[in-house]
Amino acid sequence: DIQDLAGYDQGISLHLAETAMFVNLTERLAHRASRVQQELDQLCREMKWRPASEIVARLGAKQPAKEVNEEKLKRLITRRGVYGDICQNESEESIREILRLANNHVPTAMKVMQVRGWEGAVMSPPAFFEAGAEKVKPESFMMPKFNSADVTLPCTDLLTISI
């Protein structure tokens, strides 16, 4: 008999009540994600040319930190080496200043970088060795996030690029 086999299971089975709960939860999460994205889009439209200090203030951050958390800064600077990361839009100095203004709160700092990089992303391809001998560092380039004629497209992170 199949029921006598140790550890045998037909798989996951959900009852109607459990399924309805998961569907409800999924719909609520999708609605919340949509609302958060709309708020970020509006923030990007309003603040895209503003200084980082004004963006941070608009996000409701506390007073700027007196000193930057060096560990958090190091991690953000490391992300500059990841192709297409939002941190590639910023210099090391600007990341330091944004993190300080955001009171060392990385999510706030990341939102500031998203607002500043709303219209386009700096893409810095990784270095490689040509013919196994010569190290080649390709030039960075600006990748627009949407057509200049269409300014209503959402503010997306750098990993989602409109073509």
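For the structure itself, consult the block above.
Each value, and the rule that gives it
- Residues numbered from 1 in each chain as written.
- Predicted model: local features only at pLDDT ≥ 70, side-chain atom pairs only at ≥ 80, totals over all residues.
- Heavy atoms only, no water.
- Core = buried A, V, L, I, M, F, W, Y, C linked by side-chain atoms within 4.5 Å.
- Buried < 20%, exposed > 50% of the residue type's maximum accessible area, 1.4 Å probe, protein only.
- Helix = DSSP H or I, 4+ residues; strand = E, 2+ residues; numbered from the N terminus.
- Contact = heavy atoms within 4.5 Å.
- Patch = residues over 30% accessible without salt bridge, like charges linked within 9 Å, V, L, I, M, F, W, Y side chains within 5 Å.
- Areas by Shrake-Rupley, 256 points an atom, 1.4 Å probe, with all protein chains shown as cover.
- Salt bridge = Lys/Arg side-chain N within 4 Å of Asp/Glu carboxyl O.
- 1 Å grid on protein atoms, 1.4 Å probe; cavity = no way out; pocket = protein on both sides within 12 Å on 5 of 7 lines; lining within 4 Å.
- Points joined across faces, edges and corners; volume = space filled by probe spheres on them.
- Nonpolar A, V, L, I, M, F, W, Y, C, P; charged D, E, K, R; others polar.
- Axes fitted to C-alpha atoms, helices over the stretch in contact; angles between N-to-C directions.
- Left-handed = near helix turned anticlockwise from the far one by under 90°.

Things to note about the nonpolar core
Here comes step 1: Ranked by size, the top nonpolar core spans 23 residues in total, and within it Leu76, Cys87 and Met113 carry the most contacts.
Here comes step 2: Those elements that place two or more of their residues in this core are helix H1 (16-47), helix H2 (52-58), helix H3 (70-79), helix H4 (92-101) and helix H5 (106-116).
Here comes step 3: For this core, the element with the highest residue contribution is H5, accounting for five residues.
Here comes step 4: Contact partners of Met113, with chain neighbours within four places excluded, come to Leu76, Ile86, Cys87, Glu90, Ile95 and Ile98.

So, a nonpolar patch on the surface
Here comes step 1: Residues Met21, Phe22, Leu25 and Leu29 make up a contiguous nonpolar surface patch of about 410 Å² in total accessible area.
Here comes step 2: With respect to the secondary-structure elements, Met21 resides in helix H1.
Here comes step 3: Accessibility expressed as a relative area gives 52% for Met21, which makes it exposed.

Section: the layout of surface pockets
Unoccupied space between atoms shows up once a probe the size of one water molecule is rolled over them.
Here comes step 1: By volume, the largest pocket amounts to about 170 Å³.
Here comes step 2: Lining the largest pocket, in full, are Val36, Gln37, Glu39, Leu40, Leu43, Arg58, Leu59, Lys111 and Gln114.
Here comes step 3: Every element with two or more residues in the lining of the largest pocket is listed here: H1 and H5.
Here comes step 4: It is H1 that contributes the most residues to the lining of the largest pocket, five residues altogether.
Here comes step 5: Counted by class, the lining of the largest pocket contains four nonpolar, two polar and three charged residues.

Focus on unusual backbone geometry
Here comes step 1: Phi is positive for Asn104, close to 60 degrees, though the residue is something other than glycine.
Here comes step 2: Looking at the element boundaries, Asn104 is found in the loop between H4 and H5.
Here comes step 3: One non-glycine residue, Ala131, lies in positive phi territory at about 55 degrees.
Here comes step 4: Relative accessible area serves as the criterion here: at 78%, Ala131 is assigned to the exposed category.

A word on the pattern of salt bridges
Here comes step 1: With the rule as written, the count across this model stands at eight salt bridges.
Here comes step 2: The salt bridge involving Glu70 is made with Arg96; its shortest N-O contact spans 3.1 Å. Of this pair, Glu70 sits in helix H3 while Arg96 sits in helix H4, and the two are 26 residues apart along the sequence.
Here comes step 3: With relative accessibility at 47%, the residue Glu70 sits in the partly exposed group.
Here comes step 4: On the accessibility criterion, Arg96 (37% relative accessible area) is partly exposed.
Here comes step 5: The shortest N-O distance in the salt bridge between Arg79 and Asp85 comes to 2.9 Å.
Here comes step 6: Among the residues examined, Arg79 registers a relative accessible area of 32% and is labelled partly exposed.
Here comes step 7: Overall, the relative accessible area of 10% leaves Asp85 in the buried class.

Here's the deal with the packing of H3 against H5
Here comes step 1: Interaxial distance between H3 and H5 falls to 12 Å at its minimum, and their mutual angle equals 35 degrees. The way H3 lies across H5 gives a crossing that is right-handed. Packed against H3, whose contacting residues are Lys72, Leu76 and Arg79, the element H5 presents Val106, Met110 and Met113 at the interface.

These values are about where atoms sit, not about what they do.
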